[in-house]
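Chain by chain, the residues:
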Amino acid sequence: MSDLFSLKGRKALVTGANTGIGQAIAVTLAGQGADVTCAGRRDCDETVAIITDLGGTARSVLLDFADPMAARDIFEGAGYDILVNNAGIIRRADSTDYTEADWDAVIDVNQKALFFTCQAFGRALIADGKPGAIVNIASLLSFQGGIRVPAYTASKHAVAGITKILANEWAPHNITVNAIAPGYISTNNTEALRADPARNKSILDRIPAGRWGDPEDIAGTAAYLCSNAAKYVTGAVLNVDGGWLAR
């Protein structure tokens, strides 16, 4: 029973692990015993250093998901059984002014790359007959519309759908596929909102917890979903939002 949440003997790839939510997830998975590969379009040396200083095992790999097939050859024969798809970008503009270039950039990273990374991971596990776990990082905008982020909203609705279809298809292979929908978390992606006094106040006024979330608030849920404690949880999109959606 004491090993229910342990990730010892597991091997994880966490995308977008150089900062923010991805960094927190990588550190937490390593803290539970996983061997963690930290992937990002920029080096993840800081994350690796944090993990190794704490006695964990980690390495860094450069993957730029502007190429949606960037992870195509990462998984075969590599022994991974955990995948956390956290990499994502956001472009803000009024919908009347949104450009095709911005739309394509966001959809390629947040939706297309996520699917094809899952596909490569799932193929490798199914070929080896191994169980595994996928955690996709969705958003409150998987449920809501938001403003001034049309491609981001579309992509995060898609993340919820991709999570559910892969859960349906891969449950017979003992691969769980879940998503976390973070609330308003203090990261680079929300810096513009926190810097806008009116938007910052309106957001905080709605959050029952009364604060922006920290990346570590998401990391524990990710570790749970990767563990044996969640082996019968699949196809779920768990909101970790300080009560935002309950209000």
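Residues numbered from 1 in each chain as written. Predicted model: local features only at pLDDT ≥ 70, side-chain atom pairs only at ≥ 80, totals over all residues. Heavy atoms only, no water.

Note the threshold: UniProt positions are given in the numbering used here, feature names are shortened, and annotations may be inferred rather than shown by experiment.
Per an unreviewed UniProt entry, the chain goes by the name 2-dehydro-3-deoxy-D-gluconate 5-dehydrogenase KduD and belongs to Celeribacter arenosi. UniProt's Sequence similarities (unreviewed entry) comment on the chain is quoted here verbatim: "Belongs to the short-chain dehydrogenases/reductases (SDR) family."

## Details of the packing of aromatic side chains
Given two aromatic rings, one states the distance between the centres and the angle between the planes to describe the pair. Just so we agree on the cut-off: Two rings from Phe, Tyr or Trp (for Trp, the six-membered ring) form a pair when their centres sit within 6.5 Å of each other. Planes less than 30 degrees apart are called stacked, planes more than 60 degrees apart edge-to-face, and all others tilted. Think of it in three bands: residues with accessible area under 20% of the maximum for their type are buried, residues over 50% are exposed, and the middle band is partly exposed, with areas taken using a 1.4 Å probe on protein chains only. By definition here, charges over rings are those cases where NZ of Lys or CZ of Arg is within 6 Å of the ring centre and within 35 degrees of the ring normal.
The tally for this structure, following the rule as stated, stands at five aromatic pairs. Judged by centre distance (5.7 Å) and plane angle (80 degrees), the rings of Phe 75 and Tyr 80 are edge-to-face. Phe 75 gets classed as buried once you look at its relative accessible area, which sits at 3%. By way of ring pairs, the aromatic residues Phe 75, Tyr 80 and Phe 121 are connected into one cluster. The ring of Trp 212 is capped by Arg 194, whose NZ or CZ atom sits 5.9 Å from the centre of that ring. Positioned above the aromatic ring of Trp 244 is the side chain of Arg 206, whose terminal nitrogen or guanidinium carbon lies 4.3 Å from the ring centre.

## So, the sheet that holds strand 6 (residues 175-182)
Inclusion rule: Any two strands with at least two DSSP bridges between them are considered paired. A run of H or I in DSSP counts as a helix once it spans at least four residues, and a run of E counts as a strand once it spans at least two, with each numbered from the N terminus. Comment: axis = line fitted to C-alpha atoms, over the contacting stretch for helices; angle = value between 0 and 180 degrees taken between N-to-C directions. We call two residues in contact when some of their heavy atoms are within 4.5 Å.
If you trace the seven strands from one edge of the open sheet to the other, you get 3-2-1-4-5-6-7, paired in parallel fashion. The outermost strands of the open sheet, each flanked by one partner alone, are strand 3 (57-62) and strand 7 (237-240). Along the sheet, successive strands turn relative to each other by an average axial angle of 20 degrees, direction set aside. Pairing analysis gives six bridges linking strand 2 (residues 35-40) to strand 3, with the strands arranged parallel. Each residue of the ladder has a partner; that of Cys 38, found in strand 3, is Ser 60. Lying over the sheet, helix 2 (residues 45-53) contacts strand 2 and strand 3, oriented at roughly 175 degrees with respect to strand 3. Sitting on the sheet, helix 7 (residues 215-226) touches strand 4 (82-85), strand 5 (132-137), strand 6 and strand 7, and the angle it makes with strand 6 is about 165 degrees.

## Thoughts on helix 1 (residues 20-31)
To be explicit about the condition: The span expected for a helix works out to 1.5 Å for each residue beyond the first.
The end-to-end C-alpha distance of helix 1, which contains 12 residues, comes to 17 Å, matching closely the 16 Å that a straight helix rising 1.5 Å per residue would cover. For helix 1, a buried count of 10 out of 12 residues is recorded, marking the element as mostly surrounded by other parts of the structure. Gly 20, Ile 21, Gly 22, Gln 23, Ala 24, Ile 25, Ala 26, Val 27, Leu 29 and Ala 30 are the residues of helix 1 that are buried.

## Remarks on helix 3 (residues 100-128)
Rules: Throughout, the bend at a residue refers to the angle made by two axes, fitted to the seven residues ending there and to the seven starting there.
With 29 residues, helix 3 should cover 42 Å at 1.5 Å per step; its first-to-last C-alpha distance of 40 Å lies within 8% of that length. Of all bends in helix 3, the biggest is about 45 degrees, found at Asp 108. Looking one or two residues beyond helix 3, the residue adopting positive phi is Gly 129, at roughly 65 degrees.

## Here's the deal with the side chain of Ser 139
Rule in force here: Think of a polar contact as two N or O atoms within 3.5 Å of one another; within protein, one of them needs to be a possible hydrogen donor and the other a possible acceptor, and neighboring residues in sequence only count if both atoms come from side chains.
Mapped onto the secondary structure, Ser 139 falls in the loop between strand 5 and helix 4 (150-170). For Ser 139, the side chain forms a polar contact with the main-chain nitrogen of Leu 141, separated by 2.9 Å. In this structure Ser 139 touches Tyr 152, Lys 156, Ile 180, Ala 181 and Pro 182, once residues within four positions along its chain are discounted.

## A few points about the layout of surface pockets
What counts is decided by this rule: Here a cavity is any set of points on a 1 Å grid over the protein atoms alone where a 1.4 Å probe fits but cannot get out, and a pocket is any open set with protein on both sides within 12 Å along at least 5 of 7 lines; a residue lines the site when it has an atom within 4 Å of a point. Grid points are joined across faces, edges and corners, and a volume is the space filled by probe spheres set on the points. Following the grouping adopted for this structure description, the nonpolar residues are Ala, Val, Leu, Ile, Met, Phe, Trp, Tyr, Cys and Pro, the charged ones are Asp, Glu, Lys and Arg, and the polar ones are all others, Gly among them.
There is about 1000 Å³ of room inside the largest pocket. Looking at the lining of the largest pocket, the elements with two or more residues in it are helix 1, helix 3 and helix 4. For the lining of the largest pocket, the element with the highest residue contribution is helix 3, accounting for four residues. Broken down by class, the residue content of the lining of the largest pocket amounts to 21 nonpolar, 16 polar and nine charged.

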